[in-house]
Amino acid sequence: MPAVNFRDETAAGAPVASFQVAGLPDRMTVRELIRLRVREEVARHNARPSDRFHGLVRPDGAEAELNGYRLREPRRLDWERQADIAERAFLGNGFFVLAADRQVEDLDEEIDLTGDPDLVFIRLVPLVGG
C-alpha cells in the first residue's frame, strides 16, 4: 500500500513543511487526499491543543501568522469543518496542488499514488491593494 508525502512549498518552491501518511489505496481523488491531509493535521493539533495551528487552511476565528495560524486560545478543532474550508479554498484558488509535477484542477480527479507519491501544496497569498 502506498505512502504519500504531503509537502507545503512557497510559490518560489522553497519547502515549508512536510509529513507522510502510509497505508493508502493505489488511487484516490484530490478531494479525498485533501480531506485526509486535513484530518491528519487536525488530529495532530488535537492531540496537544495549543494557540497555534500549523495546517493547510485557517480555522474559524484564527489570525494568519508566518507558517500557521494563531487561535485566540488553545482549543480542539473539528477536522470535518476544516476539510470543508479546505475544499472551498481549493475551488477558490486559495491553494493549488501538484501531483507528479502537474497541477491538478478538479477535486474529483483521481491520482495514481503508486508512481510519484509526492503531493505539493502551494498556498496563494492575496496581493494587498490589487
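See the structure above.
Keep in mind the model is a prediction, meaning the values are calculated, not measured. (Residues numbered from 1 in each chain as written. Predicted model: local features only at pLDDT ≥ 70, side-chain atom pairs only at ≥ 80, totals over all residues. Heavy atoms only, no water.)

## Digging into the overall build of the chain
Heads up, the condition is: We count a stretch as a helix when DSSP gives it H or I for four or more residues in a row; a strand needs E for two or more, and each element gets its number in order from the N terminus. For the radius of gyration, the atom set is restricted to C-alpha positions; the globular benchmark scales as 2.2 Å times the number of residues to the power 0.38. We call a residue buried when its accessible area falls under 20% of the maximum for its residue type, exposed when it is over 50%, and partly exposed in between, using a 1.4 Å probe and counting protein chains only. In what follows, a contact means two residues having at least one pair of non-hydrogen atoms within 4.5 Å. Method for areas: the Shrake-Rupley scheme with a 1.4 Å probe, in which residue coverage is limited to the protein chains shown. Only four residue types enter the charge count: Lys and Arg as positive, Asp and Glu as negative, with His and the chain ends excluded. Lysine's charge is taken at NZ, arginine's at CZ, aspartate's at CG and glutamate's at CD.
Scanning the chain from terminus to terminus reveals two helices and 10 strands. Counting helices and strands in the order they occur from the N terminus, the chain gives β-β-β-α-β-β-β-α-β-β-β-β. Relative to the 2.2 N^0.38 estimate, which gives 14 Å for 130 residues, the radius of gyration of the chain is 14 Å and therefore close to what a compact globule would have. For the chain, the spread of C-alpha atoms along the three principal axes comes to 40 × 40 × 25 Å. For the chain, the residues scored as buried account for 38% of the 130 residues in total. By sequence separation, contacts in the chain at least 24 residues apart represent 53% of the contacts at least 6 residues apart. About 7,700 Å² of surface is accessible on the chain, with carbon and sulfur atoms providing 48% of the total. In the chain, the 18 positive side-chain charges and the 24 negative ones have mean positions that sit 7 Å from each other.

## Topic: the pattern of salt bridges
Our working rule: Salt bridge, as used here, is a side-chain nitrogen of Lys or Arg placed within 4 Å of a carboxyl oxygen of Asp or Glu.
By the definition in use, this model includes 17 salt bridges. With a shortest N-O distance of 3.1 Å, D108 and R31 are connected by a salt bridge. Taken as a pair, D108 in the loop between β8 (102-104) and β9 (110-112) and R31 in helix α1 (residues 30-47) lie far apart in primary sequence, 77 residues in all. Notably, a salt bridge pairs E109 with R102, separated by 2.4 Å at the nearest N-O pair. For E109, a relative accessible area of 21% gives the class partly exposed. Residue classification places R102 among the partly exposed residues on the basis of a relative accessible area of 41%. Linked by salt bridges that have partners in common, R31, R35, D84, E87 and D108 make up one network.

## Notes on the nonpolar core
The condition that has to hold: For our purposes a nonpolar core is just a set of buried Ala, Val, Leu, Ile, Met, Phe, Trp, Tyr and Cys residues, chained together by side-chain atoms within 4.5 Å.
By size, the foremost hydrophobic cluster in this structure holds 33 residues, and its most contacted members are F6, I34, L56, F95, I111, L119 and F121. Only β1 (4-9), β2 (15-21), α1, α2 (79-91), β7 (95-99) and β10 (118-123) provide two or more residues apiece to this core. Element by element, the count of residues in this core is highest for α1, at six residues. Setting aside anything within four residues of it in sequence, one finds F95 in contact with I34, L56, V57, A86, A89, F90, F121, I122, R123 and L124.

## Re the sheet that holds β8
The condition that has to hold: Two strands are said to pair when DSSP picks up at least two bridges between them. In this analysis an axis means a line fitted to C-alpha atoms, helices contributing only their contacting stretch, and an angle means the value between N-to-C directions, from 0 to 180 degrees.
As summarised here, the arrangement of the five strands in space is β2-β1-β10-β7-β8, forming an open sheet in which the pairing is mixed. Both outer strands of the open sheet, β2 and β8, are each paired with one neighbouring strand and no more. Averaged over all adjacent pairs, the angle separating strand axes in this sheet is 30 degrees, with direction ignored. Sheet topology note: the β7/β8 ladder contains three bridges and is antiparallel.

## So, the sheet that holds strand β6 (residues 68-70)
As summarised here, the arrangement of the three strands in space is β4-β6-β5, forming an open sheet in which the pairing is antiparallel. This sheet does not close on itself; its edge strands, each paired only once, are β4 (52-53) and β5 (63-65). Relative to β6, β4 is paired through two bridges, and the arrangement is antiparallel. Residue pairing for β6: R52 is matched across the bridge by R70.

## Section: the layout of surface pockets
One water molecule sets the probe size; rolling that probe over the atoms shows where empty space is left. What counts is decided by this rule: Residues are said to line a cavity or pocket when one of their atoms sits within 4 Å of a point; the points come from a 1 Å grid over protein atoms alone, cavities being sets where a 1.4 Å probe fits but cannot get out and pockets being open sets with protein on both sides within 12 Å along at least five of seven lines. Grid points are joined across faces, edges and corners, and a volume is the space filled by probe spheres set on the points. Amino acid classes used here: Ala, Val, Leu, Ile, Met, Phe, Trp, Tyr, Cys and Pro are nonpolar; Asp, Glu, Lys and Arg are charged; the rest, including Gly, are polar.
In this structure, the second largest pocket occupies an estimated 310 Å³ of space. In this structure, the second largest pocket is lined by 18 residues; those nearest its centre are A17, F19, E41, H54 and G55. Looking at side-chain class alone, the lining of the second largest pocket contains five nonpolar, six polar and seven charged residues.

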